[in-house]
Amino acid sequence: MKNKFLISVLWSFLFTLSSFAFALQAATNSAAKVPIRVGLILDKGGKDDKSFNSAAYLGATLAEKELGIQLKYIEATDDAAIETMMRSFAQKKYDLVIGIGFAMTDAVKKVSPLFPEVKFALIDAEVPGANVTSLLFEEHQGSYLVGALAAMNSKNKKVGFLGGMDVPLIHRFQMGYEAGAKSIDPKIAVIINYVGVDSSAWNNPAKAKELSLTQYRSGVDVIFGAAGASNNGLFDAVEETKKLAIGVDSNQNWVKPGLVLTSMLKRVDVAVLEVIKETNSGKFKAGTVRFGLKDKGIDYAVDQYNSKFFTAETSKKMEKIKQDIIAGKIKVPDYYKK
Amino acid sequence: MILSWAMSILRVSTPLIFASLGGLMSERSGVINIALEGLMLIGAFTAAVVALMTHSPYLGLMAAIVAGALGGLFYAFCVLKLKANQIISGTAINLLAMGMIPLILKILYGSTGATPNLEMNERFLSFPLVLLVFICALIFALFKYTHLGLWISFSGEHPDALESAGISSDKIRWFALTCSGILASIGGASVSIYLSSGYSRNMIGGRGFMSLAAMILGRWRPKTTVLACLFFGLCDVIQMRLQSANLSIALPTQLIQIIPYLMTLIVLTGLVGKSIAPKALGK
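The rules we used
Within each chain, residue numbers correspond to sequence positions counted from 1 in written order. Lettering for chains starts from A, numbering for ligands starts from 1, and both go in the order in which the items are written. pLDDT decides what is reported in this predicted model: residues at 70 or higher carry local features, side-chain atom pairs at 80 or more are listed and counted, and totals for whole chains, interfaces and linings draw on all residues regardless. Only heavy atoms go into the side-chain values, all of them from the structure, while hydrogens and water stay out. The domain limits used here are those given by an automatic or database domain assignment. Contact between two residues is taken to exist if any of their heavy atoms lie within 4.5 Å; hydrogens are not considered. Accessible area, probed at 1.4 Å, shrinks when two parts are joined; the buried area is that loss added up over both. Whenever a carboxyl oxygen of Asp or Glu lies within 4 Å of a side-chain nitrogen of Lys or Arg, that contact is scored as a salt bridge. Secondary structure elements are taken from DSSP: a helix is a run of H or I of four residues or more, a strand is a run of E of two residues or more, and numbering for both begins at the N terminus. By this rule, a helix spans an expected 1.5 Å times one less than how many residues it contains. Three labels apply to residues, based on accessible area from a 1.4 Å probe with only protein chains included: buried if under 20% of the type maximum, exposed if over 50%, partly exposed otherwise in between. Think of a 1 Å grid over just the protein atoms. A cavity is a set of points where a 1.4 Å probe fits yet cannot get out, a pocket is an open set with protein on both sides within 12 Å along at least five of seven lines, and lining residues have an atom within 4 Å of a point. Grid points are joined across faces, edges and corners, and a volume is the space filled by probe spheres set on the points. Note on residue classes: Ala, Val, Leu, Ile, Met, Phe, Trp, Tyr, Cys and Pro are nonpolar, Asp, Glu, Lys and Arg are charged, and everything else, Gly too, is polar.

1. Notes on the domain arrangement of chain A
Residues and elements named next belong to chain A. By the assigned domains, chain A splits into domain 1 (37-137 + 269-291) and domain 2 (139-266 + 306-337). For domain 1 versus domain 2, the separation of C-alpha centres amounts to 27 Å. Each partner contributes to the interface: domain 1 provides 12 residues, whereas domain 2 provides 19 residues. Overall, the association of domain 1 and domain 2 removes approximately 1,400 Å² of surface from exposure, summing both partners, and the carbon and sulfur fraction of that is 52%. In terms of surface lost to domain 2, no three residues of domain 1 exceed Lys50, Phe102 and Phe137, which account for 43% of the buried area on that side. The tally of links between domain 1 and domain 2 comes to 1 salt bridge. A salt bridge links Lys266 to Asp124, with the nearest nitrogen and oxygen atoms 2.9 Å apart. The element contributing the most residues to the side of domain 1 that touches domain 2 is helix H2 (residues 52-67), with 3 residues.

2. Observations concerning the pattern of salt bridges
Any two side chains of opposite charge can pair, so long as their charged atoms come close to each other. Residues and elements named next belong to chain A. Within this structure, the stated rule accounts for 25 salt bridges over all chains. Of the charged contacts in the structure, one is a salt bridge between Glu240 and Lys209, with a shortest N-O distance of 3.0 Å. One end of the pair, Glu240, is in helix H8 (residues 231-241); the other, Lys209, is in helix H7 (residues 205-217), with 31 residues separating them in the sequence. One salt bridge in this structure joins Lys322 and Asp299, with 3.2 Å as the shortest N-O distance. Remark: Asp299 occurs in strand E12 (residues 298-300) and Lys322 occurs in helix H10 (residues 312-327); sequence separation between them is 23 residues. Several salt bridges converge on common partners, so that one network encompasses Asp124, Glu138, Glu139, Arg172, Lys266, Asp334 and Lys337.

3. Re helix H9 (residues 268-280) of chain A
Residues spaced three or four apart along an α-helix face the same direction, because each turn holds 3.6 residues. Residue and element names in this part refer to chain A. Between the first and last C-alpha of H9 there are 18 Å, a value that for 13 residues agrees with the 18 Å anticipated at 1.5 Å per step. Residues of H9 that are buried include every one of Val268, Asp269, Ala271, Val272, Leu273, Val275, Ile276, Thr279 and Asn280, and no others. Just downstream of H9 lies Gly282, where phi reads positive at about 70°.

4. Overview of the layout of surface pockets
Approximately 340 Å³ is the volume found for the second largest pocket. Counting residues per element, the ones that place at least two in the lining of the second largest pocket are strand E7 (189-196) and H7 of chain A together with helix H1 (2-28) and helix H10 (222-244) of chain B. By residue number, the principal contributor to the lining of the second largest pocket is H7 of chain A, which donates 6 residues. Partitioned by chemical class, the residues of the lining of the second largest pocket number 8 nonpolar, 8 polar and 5 charged.

Laid out in structure tokens, this is it:
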């Protein structure tokens, strides 16, 4: 009897508490100005690719925490669905719609002119329009840097490149990487593989692993993987062969500690956070923004998992190359300008 | 060199062989099984989740077998008990698998795309290859030496004759479809806990349909079907290796990848040899 009473008191207490909490939350929400609504459309790799899309998602959730914006994200299950998703965000009068990846280009081209009051942001491709901002990265510069690092760490004078889908964007990575490796040793062999030719290539770890194993067994020491979620296959292969891998987009050093030489950072998170901040404060600017080594939009990752590869000498060399690229002393070949 | 090629081919064709033998069980008994892709997805997903939970790939594989059997039974229930159209129910199972898995993933791991990664001791390093040899031998023996194999074939060719001998072709088909589900599911599991380390979205990527094509190329016979799978694997491996080879002539590697499908089409249209599908298939 006594127990029952106690429980009911406890329950009522909990209910009151939670209703207070809700009321409090509602009050703080209404006190601030109406938060903007952001629709985020992720590419096929999905928010857990630990790479490109994960970075975008991280940036958006950071904005959600810092600015209290309303975030809704969708993962594109197939390319045909992207336009519909974008349209539905726009029709619901979202303030900002962000398309992650070049696969969104056509959808932005079609949808953005129809909804002039909605702002659009597009990563990795350029679309003109008064309400569109295109966020581009100088991937070739970062690839050049990790290419140089790969060559410094290759005993067999053989380094590898694993691309996801065979598209110009990834060729830009490849070209920079090759140039970087050859800058250290002009005779070095660069073995190149692509996982596939359609967008399922971003999500085919089994094939990526097979390709990586083939490369490692042929004497390749270091493989740079620019393959989205397929990079997981590369990391499985590096674990089994105990060679070296280089991650991409997000910092992937932690995935296989000690076996990931570095990660080429492409700060999609920063770009997404910035564009949300600008839109939130009413300073959205249409046009093209380029992120590169200078503003740390592109970089290479050094942390506790890979610090053993960065001796004082290596760090100095890498820093010098970086400064030379920024100063324009080193001209990195750009696939887009070929 | 030869060994590394052989291992590559074996690894690439492992899921195909399991699944196409599954397809063969079903189609020889007279039921079209277009659901292979979905059943493989279910297997890949279940194996990854259970291996993650129990830290044992063997338990993951067992769970995949159970899930595959249930999937096969469900398909049998649709087409045998409810007499639903086989193509449509098969497609429905594929779509169901693609839709359900992200939902369950979201509940389990708060993400729709992928499971966390499996450690090296939580995944297989070579066991599926042993299992592969065992299953191949089992299926060859089944069709060559046993009454059951004969009944399955009769159920696909002349179900009436089987009925008049006092054996229910329906019962045979229930059995064959369950086996089919199990085999496809093992094929899927080999993708997620052997060839890679965890489940990621739609990771089967058409391997179920490739298995169907291999089975057709193998003309619904176990030995030729396995050979067809190995041939598909060979084409894939050639394509992979040519990519990185320095050839003096630029050969588009995609050309090599279409060879298997081209051959399947040729066999299907009966230009070379005769396509010999079970007579009562789909009836």
